[in-house]
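So the chains spell out like this:
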Amino acid sequence: MPLKGIKVLEFSGLAPAPFCGKILADFGAKVTVIDRVPDNPVNCMNNGKRVLAVNLKKSLGQNLVRRLAKTQDVLIEPFRPGVMEKLYLGPELLCRDNPRLIYARLTGFGQSGPLSARAGHDINYAAISGVLSMLGRENEKPLPPINILADFAGGSLMCALGICLALLERHRSGRGQVVDSSMVEGAAYIASWLFMSRSIPLLWQGVRGSNVLDGGSYFYDTYPTKDGKFMSVGCLEPQFFELFKEKLGLLQLSQYPDSEEEKQAAKDCVTEAFLQKTQAEWSAIFEDIDACVYPVLDWHCAMTHAHNVERQSFDLVDNIPVPQPAPHLSRTPGTLKTKSRSSKEAADDALDMLIQELQLDTYELKNLVKEDIIQLPVRTKL
């Protein structure tokens, strides 16, 4: 495991921080989640993590976390700027206590700027990044891709990259640093090619939804099938397009029609053709053909596709198909935690950490519980 031996303190949040911690945990890091309650049902990405419920409103709870941070390599916090400082857990204090600490701050707008203290969600961060303006059909309103773009791609994944870069640099310098991970900037960076390719006329000729890759080309789109499912078509190159129209029996098609009327007529022909067969029938027709045509798999069916089965791309967690860690590493691959741990198991593991790493005795632990500094599941015994 590439991150074996790396200890991470993750402060509980809605989505981006838990996925960032999950990435690190999947690749071997030992992640401890600081939450308000020991069994938070909202946190669905805690498999493989330890959970410690700490009351951060009390100084004893703040001191406990500060002591814990001295033993960690990485800290991930998802709060608005200033929140951790008010809890006396900001980077100035914790990085002074532990100069090797990588202190990752994962927020929507970053640690500075006029919007930094404002509330927001994925759709807002994607909007400010400029990327949301590129997404959607022509003459329709911008359409966000659920919350993948800013929360998970621009937020979690870019923050995990920043943490790994800081860990690599620490290997040389011996010093930690603060990672200021903004979902706005992360979403924009993910879309670098979309910004930098604007000077290529073949790709960008008009408004949103009228270009080659954003729904403006009938040979780069999705089409319904006879059984109400869909096929994806992406035959950009001429050789792929020739195979595509041959298999559809539409040899008269031109890849780049001369007018909007001809373009719409071509799209109507392709739409009508796909409606003549089921998704399974079209998949069989294009199975061994490089025409860049593939079925749009329902999320719960992706696990059973032959390609994904052979590569073991998914596994079941609580009877739900979940993607395996990616990318694949030949010697030290990531490992998906498929066994869901009970809240008691996670809390017991966190207690063991307090006893072993902070060397707290039973009296101190009982006092922390009595003073409502830490919460334990009802079945946990000290």
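About the cut-offs
Counting of residues starts from 1 at the beginning of each chain's written sequence and follows it residue by residue. Where local features are concerned, this predicted model is filtered to residues with pLDDT of at least 70; where side-chain atom pairs are given and counted, the filter is 80 or more; whole-chain, interface and lining totals use all residues. Side-chain numbers here rest on the full set of heavy atoms in the structure, without hydrogens or water. Secondary structure elements follow DSSP: runs of H or I no shorter than four residues count as helices, runs of E no shorter than two count as strands, and numbering proceeds from the N terminus. Burial status follows relative accessibility: with a 1.4 Å probe on protein chains alone, a residue under 20% of its type maximum counts as buried, one over 50% as exposed, and anything between as partly exposed. We call two residues in contact whenever any of their non-hydrogen atoms come within 4.5 Å of each other. For the area figures, the Shrake-Rupley method with a 1.4 Å probe applies, and any residue is considered shielded solely by the protein chains shown. Note that His is not counted, nor are the chain ends; the positive residues are Lys and Arg, and the negative ones are Asp and Glu. Here the site of a charge means atom NZ of a Lys, CZ of an Arg, CG of an Asp or CD of a Glu. We define a nonpolar core as any set of buried Ala, Val, Leu, Ile, Met, Phe, Trp, Tyr and Cys residues linked to one another through side-chain atoms lying within 4.5 Å. Here the arc refers to the set of directions running from the helix axis out to each C-beta atom. Fitting a line to C-alpha atoms yields each axis, with helices limited to the stretch in contact; the angle taken between N-to-C directions then spans 0 to 180 degrees. Oblique is the label for any angle not under 35 degrees, not over 145, and not in the 65 to 115 range, which are roughly parallel, roughly antiparallel and roughly perpendicular in turn. Ten residue types, Ala, Val, Leu, Ile, Met, Phe, Trp, Tyr, Cys and Pro, are classed as nonpolar, four, Asp, Glu, Lys and Arg, as charged, and the remainder, Gly among them, as polar. Centre distance within 6.5 Å is the pairing criterion for rings of Phe, Tyr and Trp, where only the six-membered ring of Trp is used; planes under 30 degrees apart are then read as stacked, over 60 as edge-to-face, and the remainder as tilted. Both a distance and an angle decide whether a charge sits over a ring: NZ of Lys or CZ of Arg must be within 6 Å of the ring centre and within 35 degrees of the ring normal. The rule for pairing is simple: two strands pair if DSSP sees at least two bridges between them.

Caption draft 1: Structural context of the overall build of the protein. For the protein, the count of helices and strands is 14 helices and 12 strands. A principal-axis box enclosing the C-alpha atoms of the protein has dimensions of 80 × 45 × 35 Å. Evaluated residue by residue, the protein yields a buried proportion of 43% over its 382 residues. Residue pairs in contact within the protein that sit at least 24 positions apart in sequence constitute 63% of those at least 6 positions apart. For the protein, the accessible surface area stands at approximately 20,700 Å², while carbon and sulfur atoms represent 55% of it. Averaging the positions of the 42 positive and the 45 negative side-chain charges in the protein gives two centres separated by 10 Å.

Caption draft 2: Expanded view of helix α1 (residues 16-26). Across the 11 residues that make up α1, a large majority, 10, are buried. Among all positions of α1, only Pro16, Ala17, Pro18, Cys20, Gly21, Lys22, Ile23, Leu24, Ala25 and Asp26 are buried. Tucked inside the fold, the buried residues of α1 contact β1 (7-11), β2 (30-35), β4 (74-77), β5 (102-107), α6 (148-173) and α7 (183-190). Backbone geometry just after α1 places glycine 28 at a positive phi near 110°.

Caption draft 3: Fine view of the nonpolar core. Counting residues in each nonpolar core, the largest one holds 33 residues, and the members touching the most others are Val8, Leu24, Val74, Ile76 and Ile163. Looking at this core, the elements that each hand over two or more residues are α1, β4, β5, α5 (122-129), α6 and α7. No other element matches α6, which puts 7 residues into this core. Setting aside its immediate chain neighbours within four residues, valine 74 contacts Ile6, Lys7, Val8, Leu9, Leu101, Ile102, Ile163 and Leu167. Counting residues in each nonpolar core, the second largest holds 28 residues, with Leu52, Ala69, Leu89 and Ala350 among its members.

Caption draft 4: Looking closely at the side chain of glutamine 72. Within the secondary structure, glutamine 72 is located in the loop between α2 (59-69) and β4. Residues within four places of glutamine 72 in sequence aside, it is in contact with Lys7, Val8, Leu9, Asn98, Leu101 and Glu357.

Caption draft 5: Fine view of α7. Those residues of α7 that fall on the buried side of the exposure criterion are Met183, Val184, Gly186 and Ala187. Buried residues of α7 fall within an arc of 165° about the axis and therefore sit on the same side. Opposite its buried face, α7 presents the exposed residues Glu185 and Tyr189, each directed more than 90 degrees away.

Caption draft 6: Molecular detail of the packing of α5 against α6. At their nearest, the axes of α5 and α6 sit 7 Å apart, and the two run at 80° to each other. The orientation of α5 with respect to α6, classified from their angle, is roughly perpendicular. For the pair α5 and α6, the contacting residues are Asp122, Tyr125 and Ala126 in the first and Ile148, Leu149, Ala150 and Asp151 in the second. Among the residues making up the contact of α5 with α6, the classes are represented as 5 nonpolar, no polar and 2 charged.

Caption draft 7: Structural detail: the packing of aromatic side chains. Applying the stated criterion across every chain yields a total of 12 aromatic pairs. Geometrically, the ring pair formed by phenylalanine 11 and phenylalanine 79 is edge-to-face, given 6.2 Å between the ring centres and 75° between the ring planes. Residue phenylalanine 11 is found in strand β1, and its partner phenylalanine 79 is found in the loop between β4 and α3 (83-86); the two are separated by 68 residues along the sequence. You can call phenylalanine 11 buried: its relative accessible area is 1%. The class of phenylalanine 79 is partly exposed, set by a relative accessible area of 24%. The structure contains a cluster of three or more aromatic residues connected by ring pairs, namely Tyr218, Phe219, Tyr223, Phe241, Phe244, Tyr256, Phe274, Trp282 and Phe286. Residue placement shows arginine 198 over the ring face of tryptophan 204; its charged tip is 3.7 Å from the ring centre. The ring of tryptophan 282 has lysine 277 lying over it, and the distance from NZ or CZ to the ring centre is 5.9 Å.

Caption draft 8: Focus on the environment of isoleucine 200. With respect to the helices, strands and loops of the structure, isoleucine 200 is situated in the loop between α8 (192-196) and β7 (220-224). Judged by relative accessible area, isoleucine 200 falls into the partly exposed class, the value being 37%. C-alpha of isoleucine 200 to C-alpha of alanine 29: the two residues are 171 residues apart in sequence and 43 Å apart in space.

Caption draft 9: Molecular detail of the sheet that holds strand β9 (residues 293-295). In spatial order, the strands read β7-β8-β9; together these 3 strands make up an open sheet with antiparallel pairing. Both outer strands of the open sheet, β7 and β9, are each paired with one neighbouring strand and no more. This sheet shows a mean twist of 20° between the axes of neighbouring strands, independent of strand direction. Here strand β8 (residues 230-234) runs beside β9; their pairing, made up of 3 bridges, is antiparallel. Note on β9: the bridge partner recorded for valine 233 is valine 293.

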